[in-house]
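Each chain, written out:
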Amino acid sequence: MSLNDREKSQLRSALQDAVIKCSERCLYQSSKWAAELLNAIPETETEVTFDDSLLSDASTGYASTVIAPNVDPDEAALEAKEISKYLLAKSFFDCREYDRCSAIFLPDSTLAGIVSSKESSNATPKGKGKGKATTTSTKPSSGEKLPQISQRSLFLALYSKFLAGEKRKDEDAEMVMGPQDLGTCVNKQLLTVSRVLEVWFDQHKTEDSDEAEGSQGWLEYLYGMVLAKEKNEEVALHWLIRSVHLFPMNWGCWLEMTGLISRIEDLNHVMPRLPQNIVSFMFHIHTSLELYQHDSSLSNSLEQLLNIFPTSSFLLTCDALLAYHAKDLVLAEQNFSRILSIHPHRLDSLDHYSNILYVMNLRPKLAFLAHLCSSVDKFRPESCVVIGNYYSLLSLHEKAVQYFRRALMLDRTCLSAWTLMGHEYVELKNTHAAIESYRRAVDVNRRDYRAWYGLGQTYEVLEMHAYALWYYKKAAGLRPWDGKMWMAVGSCLQRMNRNQDGIKALKRALLAESQYETGNSFGNGGGLPSLRGVHMDPEILLQIAGMYDSIGEEEDAKAYMEMCVAQEDGGDNLGESIAIHNDSPGEVSDDDGENAGRGEGGTGVTAATSKARMWLARYAMRTEDYTTANRLASELCQDGVEVEEAKALIREIRSRMEATGMSGPSAG
């Protein structure tokens, strides 16, 4: 994707307009996003050169960048009329006096009258937010009339009322993870805001459709956000899509849509309903990353966007997260390090960077990052998460919990803090607090596989395997290509004596581990024909073999034991196939596998391969193949694992060979 000069100029103008309009409505995160993209577009030489003589007459030929002009003449007249009140309301908003800001245009008495009139008319039944088209009265009553104000002022008044409710909700909430912190506090202003918006849409809808005439998209965005808070997700998505059609540069609206999409199938279903422009292109990439996708098409899309915005912190972060989801931690760390060098005071997404440094055990870099975040802003949730990760790496788990709690006091929707605090409580053996932390993480974001996996681990510690299995399956459903998830499912099934299902899950784990190396994906419509020459995890192979042995299928057990031993030199000696049998029962077979391969070198001798070799030696003894048994036992003596048992086995083999009149090679 490349843009010519004219297209770049149009994009720059659209972003400038978005920055101003979002700032006018106090949507500062959306304004920041647009401004960062605007400044990431490289300037041409003609744009860099500027005639100083133009500065002497700056009043002519240059539009104001403080207030954006309105193309609707009626709206422009209303905005001009109320400019003084608007500036006062905006100053109250900037000072976080949300109720005062709202009262400038919508006094409490006016709001109370509108809400009571709306409830008495019963135009929209509860839970049917999409029912504006089915309202019984085509004309609102006079008691429902809103003040004659512009859409900009109405949005600012209702948005400040919404934020006042959010602020009061946080104030009413108990201490994080305290005895009364049940997570049940709600925003009491949602009803008021939604009722006023419903009245406005009723007054402005056209006769032949339910769309509001002259709407500019901002009120649809606010209504969608309120519906999402009320868990009316399908209707919320409808209004948010309508909003981005009217004003596509409001990034906050796209983020709200991301929060309503929980599966990649949902995203593919939504994409055709969206306007086709560069922002929807970014939305697809961002939402795919939120769903932990990491295929080559995403990488290509990001590369195209980075050609247009080479220094965009947002896109560079997406690139780093793409490598992180693909388990390429080295590349992810390098990308985040580059972002930090370009934007040293930017704290957004540094909690992900600290997770990467934690997993890589890079303590000096994590210490530097924690110090940097603390010096920039120690009271940002991201800073607290980074510092908490640092203390966790030092095994100071109580101190880590303290910082994760601090992050949640600043922002109770901080997903990383809930999940990581759950990990810390597991380390502290406080399973009740760990479960509650993970549950709250899932409440914030049901796509967080780490919280589902953590719940499974915690219930497994409590030996509640049925619960653990359910949570592990949720995690595996979110990351079907992650072998760790399927290993957990298989191990849990094994403990429940469901060995057939456990075997299938562990085979999926073998397939999934190769997914990251080959870039393939599941879903070719059949089982896995062959994994010839593939380097597989000997621990999983040993576990599968043991489960086959426990159900009396010795031939399959022997095949997997041999594959386990073959991993010492890369697994090239065996050509056995690993198939997920379509006719085998179980609940974990709903996804399909695909050929995959990885690895060139072997694992060398491990405890798993030695156990497999011992099992094969004993199997050879049972089948009176004493030559093979003697060879395997001799290899065990050289392995240095279970040497005494191997020597005893050799003595038994010799005695049996002598008893049967066989002469075997002497054991070293």
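Per chain, the residues get numbers from 1 upward, laid out in the order the sequence is written. Per-residue local features of the predicted model are confined to residues with pLDDT of at least 70, and side-chain atom pairs are confined, for both listing and counting, to 80 or more; whole-chain, interface and lining totals are unaffected and use all residues. Only hydrogens and water are removed before side-chain values are computed, so all heavy atoms of the structure are retained for them.

### So, the overall build of the chain
Here comes step 1: Under the DSSP-based scheme used, a helix requires at least four consecutive residues in state H or I and a strand at least two consecutive residues in state E, with every element numbered from the N terminus. Assigned secondary structure in the chain consists of 32 helices and zero strands.
Here comes step 2: Out of the 668 residues belonging to the chain, those deemed buried represent 50%.
Here comes step 3: Partitioning the intrachain contacts of the chain with sequence separation of at least 6 by distance along the chain shows that 67% fall at a separation of at least 24.
Here comes step 4: If you sum the accessible surface of the chain, you get close to 31,500 Å²; carbon and sulfur atoms cover 50% of it. Only protein chains enter the accessibility calculation, which uses a 1.4 Å probe. A residue is then buried if its area is under 20% of the maximum for its type, exposed if over 50%, and partly exposed in between. Note on contacts: a residue pair qualifies if any of its non-hydrogen atoms lie within 4.5 Å across the two residues. Values of accessible area rely on a 1.4 Å probe in the Shrake-Rupley scheme; residue burial ignores everything except the protein chains shown.

### Details of the pattern of salt bridges
Here comes step 1: Counted as salt bridges are all cases of a side-chain nitrogen of Lys or Arg within 4 Å of a carboxyl oxygen of Asp or Glu. Within this structure, the stated rule accounts for 31 salt bridges.
Here comes step 2: Between Arg-152 and Glu-24 there is a salt bridge whose closest N-O contact spans 3.4 Å. With a gap of 128 residues between them, Arg-152 in helix 8 (residues 151-172) and Glu-24 in helix 1 (residues 5-24) connect regions that are remote in the sequence. One exposure class covers both Arg-152 and Glu-24, and it is buried.

### Section: helix 11 (residues 233-246)
Here comes step 1: The span you would expect from a helix comes to 1.5 Å times its residue count less one. End to end, helix 11 covers 20 Å across 14 residues, agreeing with the expected 20 Å (1.5 Å per residue, within 8%).
Here comes step 2: Those residues of helix 11 that fall on the buried side of the exposure criterion are Val-235, Ala-236, Leu-237, His-238, Trp-239, Leu-240, Ile-241, Arg-242, Ser-243 and Val-244.
Here comes step 3: Looking at the buried residues of helix 11, the elements they touch are helix 9 (190-204), helix 10 (218-229), helix 12 (251-259) and helix 13 (264-270).

### Structural notes on a nonpolar patch on the surface
Here comes step 1: Like charges within 9 Å and nonpolar side chains (Val, Leu, Ile, Met, Phe, Trp, Tyr) within 5 Å are joined into patches, using only residues over 30% in relative accessible area that form no salt bridge. A cluster of nonpolar side chains, namely Leu-462, Met-464 and Tyr-467, defines an oily patch on the protein surface of about 270 Å² accessible area.
Here comes step 2: With respect to the helices and strands, Leu-462 occurs in the loop between helix 24 (449-461) and helix 25 (465-478).

### Thoughts on the packing of aromatic side chains
Here comes step 1: Within 6.5 Å between ring centres, the rings of Phe, Tyr and Trp (the latter by its six-membered ring) count as paired, and their orientation is classed by plane angle as stacked under 30 degrees, edge-to-face over 60, tilted in between. This model, assessed by the stated rule, comprises 27 aromatic pairs.
Here comes step 2: With a centroid separation of 6.2 Å and 65° between ring planes, the pair formed by Phe-155 and Trp-218 is classed as edge-to-face. One end of the pair, Phe-155, is in helix 8; the other, Trp-218, is in helix 10, and 63 residues separate them in sequence.
Here comes step 3: Residue Trp-218 is classed as buried on the basis of its relative accessible area, which comes to 3%.
Here comes step 4: Connected via pairs of aromatic rings, a cluster forms that spans Phe-93, Tyr-98, Phe-155, Tyr-159, Phe-162, Trp-218, Tyr-221 and Phe-247.

### Regarding unusual backbone geometry
Here comes step 1: For Asn-361, which is not a glycine, the phi torsion comes out positive at approximately 60°.
Here comes step 2: Structurally, Asn-361 can be placed in the loop between helix 18 (350-359) and helix 19 (363-377).
Here comes step 3: The class of Asn-361 is exposed, set by a relative accessible area of 54%.
Here comes step 4: Not every positive phi belongs to a glycine, and Glu-624 is a case in point at roughly 60°.
Here comes step 5: With respect to the secondary-structure elements, Glu-624 resides in the loop between helix 30 (607-622) and helix 31 (626-639).

### Concerning the environment of Glu-24
Here comes step 1: With relative accessibility at 3%, the residue Glu-24 sits in the buried group.
Here comes step 2: Polar contacts here mean pairs of N or O atoms no more than 3.5 Å apart (in protein, one a potential hydrogen donor and the other a potential acceptor; neighbouring residues in sequence count only if both atoms are side-chain atoms). A polar contact is formed between the side chain of Glu-24 and the side chain of Arg-152, at a distance of 3.4 Å.

### Quick word on the environment of Lys-558
Here comes step 1: Its location among the elements puts Lys-558 in helix 29 (residues 554-566).
Here comes step 2: Lys-558 sits in the partly exposed class, given a relative accessible area of 25%.
Here comes step 3: In this structure the C-alpha to C-alpha distance between Lys-558 and Trp-615, which are 57 residues apart in sequence, comes to 8.4 Å.
Here comes step 4: Apart from residues lying up to four places away in sequence, Lys-558 is in contact with Trp-615, Leu-616 and Tyr-619.

### Let's talk about the packing of helix 22 (residues 415-427) against helix 24
Here comes step 1: Helix axes are fitted only over the stretch in contact, all axes being lines through C-alpha atoms; the angle between N-to-C directions runs from 0 to 180 degrees. One can describe the packing of helix 22 onto helix 24 by two numbers: an axis separation of 10 Å at closest approach and a directional angle of 20°. Relative to helix 24, helix 22 is oriented roughly parallel. Of the two elements, helix 22 crosses helix 24, and the hand of that crossing is left-handed. In this structure, helix 22 uses Leu-415, Ser-416, Thr-419, His-423 and Val-426 to contact helix 24, whose residues at the interface are Arg-450, Ala-451 and Thr-458.
Here comes step 2: Class assignment for the residues of the contact of helix 22 with helix 24 results in three nonpolar, four polar and one charged. An angle counts as roughly parallel when it lies under 35 degrees, as roughly antiparallel when it exceeds 145, as roughly perpendicular when it falls between 65 and 115, and as oblique in every other case. By definition, turning the near helix anticlockwise from the far helix through less than a right angle yields a left-handed crossing, and turning it clockwise yields a right-handed one. When residues are sorted by character, Ala, Val, Leu, Ile, Met, Phe, Trp, Tyr, Cys and Pro go into the nonpolar class, Asp, Glu, Lys and Arg into the charged class, and all the rest, Gly among them, into the polar class.

### So, the side chain of Ser-280
Here comes step 1: Here Ser-280 is to be found in helix 14 (residues 278-290).
Here comes step 2: On the basis of relative accessible area, Ser-280 is assigned to the buried category, the value being 2%.
Here comes step 3: One polar contact links the side chain of Ser-280 to the main-chain carbonyl oxygen of Asn-277, over a distance of 2.8 Å.
Here comes step 4: Once residues lying within four places of it in the same chain are set aside, the contact partners of Ser-280 are Trp-254, Met-271 and Pro-275.

### As for the packing of helix 31 against helix 32 (residues 643-659)
Here comes step 1: Closest axis-to-axis distance for the helix 31/helix 32 pair is 9 Å, and the angle between their directions is 155°. As the angle between them shows, helix 31 and helix 32 are arranged roughly antiparallel. Crossing of helix 31 against helix 32: the hand is left-handed. Between helix 31 and helix 32, the contacting residues are Tyr-626, Ala-629, Asn-630, Ala-633, Ser-634, Leu-636 and Cys-637 on the first element and Val-643, Ala-646, Lys-647, Leu-649, Ile-650, Ile-653, Arg-656 and Met-657 on the second.
Here comes step 2: Here the contact of helix 31 with helix 32 is built from residues that sort into 11 nonpolar, two polar and two charged.

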